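Residue strings, one per chain:
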Amino acid sequence: MKQSTLITVLKTLTLCLVLSLGSLAYAQEGQPTAETAPATAVQPATAQVQQSQAQAQAQPAAVQQIDPLAAVNPPVDNHPWWFWPITLLGFCFILGIIAVMAGVGGGVLFVPLVSGFFPFHLDFVRGAGLMVALAGALAAGPGLLRRNFANLRLALPVALIASACAIVGAMLGLALPTSIVQTCLGVVIISIACLLIFSKNSVRPIVTRQDAIGVALGMNGAFLEPSTGEVVEWKTHRTLASLLMFIAIGIMAGMFGLGAGWANVPVLNLMMGVPLKVSVGTSKFLLSITDTSAAWVYLNQGCVIPLMAIPSIVGLMAGSIVGVRLLAIAKPKFIRYLVISVLLFSGVKALMKGLGW
Amino acid sequence: MTSKDLKNEIKASPAQLHYANTLFYGAVIGFVIMLVTYCLYVFGVIEPQIPLEQLPLLWTQSAEHYRAVGHIPQGWGWLGLVNKGDICNFIGIVFLASLTVICFLQLAWNLFRHRQKLLGCIAVTEIVVLCLAASGILVSAGH
């Protein structure tokens, strides 16, 4: 990469960082007072917004006991409406770069960080998180399928289980009190960080004998390794146990809006014995199916606010494109440890927020 | 596996290639629609259902509250408000979310045509699951 390009990228990153720091400052400052809130009546919906705001502030403490994160004394924001979408765009741009360099999906970083440092309710963060993961998977899917790095025969049965369970997860996540979902999210994020520390993926796992289910479903194939020109054949084992694992993966993907690449890859690679390249490719493609089913549940329940979801999608996708270019000069090991630290930090923050500490 | 089989195996199957092409063109169309409607919304070309300056008061609270206060309908009710700036953004978003169903319809057809009945049945079941999720029948009780 040319030096001038690198300088431009660094300048953009600095600008995004400054914008993102604004959101971090907000998270630490606490909420501004109600007097500073904008109060112009525009149409009936506006009047109701203000009325509900006043009602929410006058709510008794009894509601607080049911759900400490719900609409009691809701935080009032005195920033102009465009502040958060622009901040989110910059934040997601950085997130996209880091995610690519660390080899994780955007959703797993998006949900804990945005729910921890931005003023949005967890419902909208999860809805946007699923849209972000879905958009990334839709963009990457065609290339992966054409190069045979994502295998349809492998993906179909897995996707059916995961997508059906993602619907259950999404419904559970929207039915449970926010404090419980936030606490569980904290535990899951800390577990993902531990998984990233301890799991050692295998580039080409050895599968001596394919099991009956794997044979029946035709879960085998071959791909051309571009770096060596070698044809790599693969087949699966422990298929039933692995398919059962996708029940849990689907539920978690739907419940927390995380995407599920962090769990798909270890199960496909370490349990089923699929080569790492096919595991990563099929996992990314799988997200386009699993996240679709969960995203529909969130969409139907009004959990997707376009004003915040679309800048998140655009920012993360633009960041991913720059991330791929920077990958050549970056130190992936350092980035990986950075992501693990960020995940641990945001996991602890989500846990504390959920427990009301 | 013979070398001819292996050669065929390293290439993506025709069904897989069809799926990839539909996904690619669909995703491009979806992203373009999404960006255009978003620009029309934020630059005030189309009046929104919820005024932009009021959104920071709503996104801090639950989706249930947001729907109730902003008169945002559940399920496919948004189609009735598609002339509003914020709601018309759902055209692109819903198109992207529908893309997998479109791809699976094509895939199921291809699989049955090539007598891959088991995979064909899995693809049809997946379509049923996705349509069920999209239908809006599965409504959660709320927090």
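The structure displayed is predicted, hence computed values, not measured ones.

A few words on the overall build of chain A. The secondary structure content of chain A amounts to 14 helices and 2 strands. For chain A, the proportion of its 357 residues judged to be buried stands at 55%. Within chain A, counting contacts between residues at least 6 apart in sequence, those at least 24 apart form 80% of the total. Carbon together with sulfur atoms contributes 68% to the accessible area of chain A, which is approximately 14,100 Å² in total.

Evaluation of the coordinates by the stated rule reveals 15 aromatic pairs over all chains. With a centroid separation of 5.6 Å and 65° between ring planes, the pair formed by W84 of chain A and F118 of chain A is classed as edge-to-face. Pair noted here: W84 of chain A is in helix α4 (residues 83–102) and F118 of chain A is in the loop between α5 (106–117) and α6 (122–146), with a separation of 34 residues, a long-range link. By the burial criterion, W84 of chain A is buried, and F118 of chain A matches it. Chaining the aromatic ring pairs together yields one cluster made of F83, W84, F91, F118 and F120 of chain A together with W59 of chain B. Taking NZ or CZ as reference, R146 of chain A lies 5.2 Å from the ring centre of F24 of chain B, over its face.

Turning to the environment of M271 of chain A, a few remarks are in order. Tracing the backbone through its elements, the reader meets M271 of chain A in helix α11 (residues 261–271). The residues contacting M271 of chain A, other than those within four sequence positions of it, are H237, R238, A241, S242, M245 and P266 of chain A.

Turning our attention to the pairing of strand β1 (residues 220–225) of chain A. Two faces, one strand: in a regular strand the side chains alternate between the faces of the sheet. Across 6 bridges, the pairing between β1 of chain A and strand β2 (residues 230–235) of chain A is antiparallel. When the sheet's bridge partners are listed, N220 of chain A is paired in β2 of chain A with K235 of chain A.

A few words now on helix α2 (residues 14–42) of chain B. The first and last C-alpha atoms of α2 of chain B sit 42 Å apart over 29 residues, in line with the 42 Å expected at 1.5 Å per residue. The positive-phi residue at the C-terminal boundary of α2 of chain B is G44 of chain B, with phi of around 75°.

Before going further, it helps to examine the layout of surface pockets. Residue and element names in this part refer to chain A. By volume, the largest pocket amounts to about 1,500 Å³. Listing elements by their share of the lining of the largest pocket, those giving two or more residues are α4, α5, α6, α8 (178–198), α11, α12 (276–300) and α13 (306–326). Broken down by class, the residue content of the lining of the largest pocket amounts to 27 nonpolar, 13 polar and 4 charged.

Chain A puts 85 residues into the contact, and the matching count from chain B is 76 residues. Both sides of the chain A and chain B interface together cover about 7,100 Å² of buried area, and 70% of this is carbon and sulfur. The largest share of the area that chain A buries against chain B comes from W81, W296 and N300 of chain A, three residues that together contribute 11% of it. The tally of links from chain A across to chain B stands at 0 salt bridges. Listing elements by their share of the side of chain A that touches chain B, those giving two or more residues are α2 (44–57), α4, α6, α7 (152–175), β1, β2, α12 and α13 of chain A.

With that out of the way, let us pick up the nonpolar core. Ranked by size, the top nonpolar core spans 142 residues in total, and within it L109, F110, F120, L258 and L307 of chain A together with Y19 of chain B carry the most contacts. The element that contributes the greatest number of residues to this core is α6 of chain A, accounting for 13 residues.

A full pass over the atoms with the stated rule returns 2 cavities of 30 Å³ or more. Taken together, L299, N300, G302 and V304 of chain A together with Y66, I72, P73, Q74, G75, W78, I87 and F90 of chain B make up the lining of the largest cavity. Residues of the lining of the largest cavity, tallied by class, amount to 8 nonpolar, 4 polar and no charged. Of the voids in this model, the second largest cavity is the one considered here, and its volume is about 30 Å³. Taken together, W296, L299 and N300 of chain A together with G75, W78 and V94 of chain B form the lining of the second largest cavity.

This part is about a nonpolar patch on the surface. A cluster of nonpolar side chains, F24, Y25, V28, V32 and V36 of chain B, forms an exposed patch at the surface whose accessible area comes to about 450 Å². Secondary-structure assignment places V28 of chain B in helix α2.

It is worth spelling out the pattern of salt bridges at this point. All names here are of chain A. Applying the stated criterion across every chain yields a total of 3 salt bridges over all chains. The partner of R126 in a salt bridge is D123, with the nearest N and O atoms 2.7 Å apart. Note that R126 and D123 are positioned in helix α6 at a spacing of 3 residues, about one turn of the helix. A relative accessible area of 1% places D123 in the buried class.

Turning our attention to unusual backbone geometry. Notably, R238 of chain A is not glycine yet its phi reads approximately 50°, a positive angle. With respect to the helices, strands and loops of the structure, R238 of chain A is situated in the loop between β2 and α10 (239–256). R238 of chain A gets classed as partly exposed once you look at its relative accessible area, which sits at 45%. The residue H71 of chain B is not glycine, and still its phi comes out positive at about 55°. Looking at where H71 of chain B falls in the secondary structure, it is placed in the loop between α4 (63–70) and α5 (89–113). For H71 of chain B, a relative accessible area of 40% gives the class partly exposed.

Glancing now at helix α6 (residues 117–135) of chain B. Spanning 19 residues, α6 of chain B covers 26 Å between terminal C-alpha atoms, matching the ideal 27 Å at 1.5 Å per step. Listing the buried residues of α6 of chain B in full gives L119, G120, I122, A123, E126, I127, V129, L130, A133 and A134 of chain B. Elements that come into contact with the buried residues of α6 of chain B comprise α7 and α12 of chain A together with α5 of chain B. After α6 of chain B finishes, the residue G136 of chain B shows a positive phi value of roughly 90°.

Running from N to C, α7 of chain A and α6 of chain B point in directions that differ by 25°, and their axes come no closer than 10 Å. Here α7 of chain A is positioned roughly parallel relative to α6 of chain B, judged by the angle of their axes. Relative to α6 of chain B, the crossing made by α7 of chain A is left-handed. Together, R153, L156, P157, A159, L160, S163, A164 and I167 of chain A of α7 of chain A and L119, I122, T125, E126, V129 and A133 of chain B of α6 of chain B make up the contact between the two elements.

So, how was this worked out
Residues numbered from 1 in each chain as written. Chains lettered and ligands numbered in written order. Predicted model: local features only at pLDDT ≥ 70, side-chain atom pairs only at ≥ 80, totals over all residues. Heavy atoms only, no water. Helix = DSSP H or I, 4+ residues; strand = E, 2+ residues; numbered from the N terminus. Buried < 20%, exposed > 50% of the residue type's maximum accessible area, 1.4 Å probe, protein only. Contact = heavy atoms within 4.5 Å. Areas by Shrake-Rupley, 256 points an atom, 1.4 Å probe, with all protein chains shown as cover. Phe/Tyr/Trp six-rings, centres within 6.5 Å; stacked < 30°, edge-to-face > 60°. Lys NZ or Arg CZ within 6 Å of the ring centre and 35° of its normal. Pairing = 2+ DSSP bridges. Expected span 1.5 Å × (residues − 1). 1 Å grid on protein atoms, 1.4 Å probe; cavity = no way out; pocket = protein on both sides within 12 Å on 5 of 7 lines; lining within 4 Å. Points joined across faces, edges and corners; volume = space filled by probe spheres on them. Nonpolar A, V, L, I, M, F, W, Y, C, P; charged D, E, K, R; others polar. Buried area = accessible area lost by both parts, 1.4 Å probe. Salt bridge = Lys/Arg side-chain N within 4 Å of Asp/Glu carboxyl O. Core = buried A, V, L, I, M, F, W, Y, C linked by side-chain atoms within 4.5 Å. Patch = residues over 30% accessible without salt bridge, like charges linked within 9 Å, V, L, I, M, F, W, Y side chains within 5 Å. Axes fitted to C-alpha atoms, helices over the stretch in contact; angles between N-to-C directions. Parallel < 35°, antiparallel > 145°, perpendicular 65-115°, else oblique. Left-handed = near helix turned anticlockwise from the far one by under 90°.

By themselves, these are just geometric observations and shouldn't be taken as functional.
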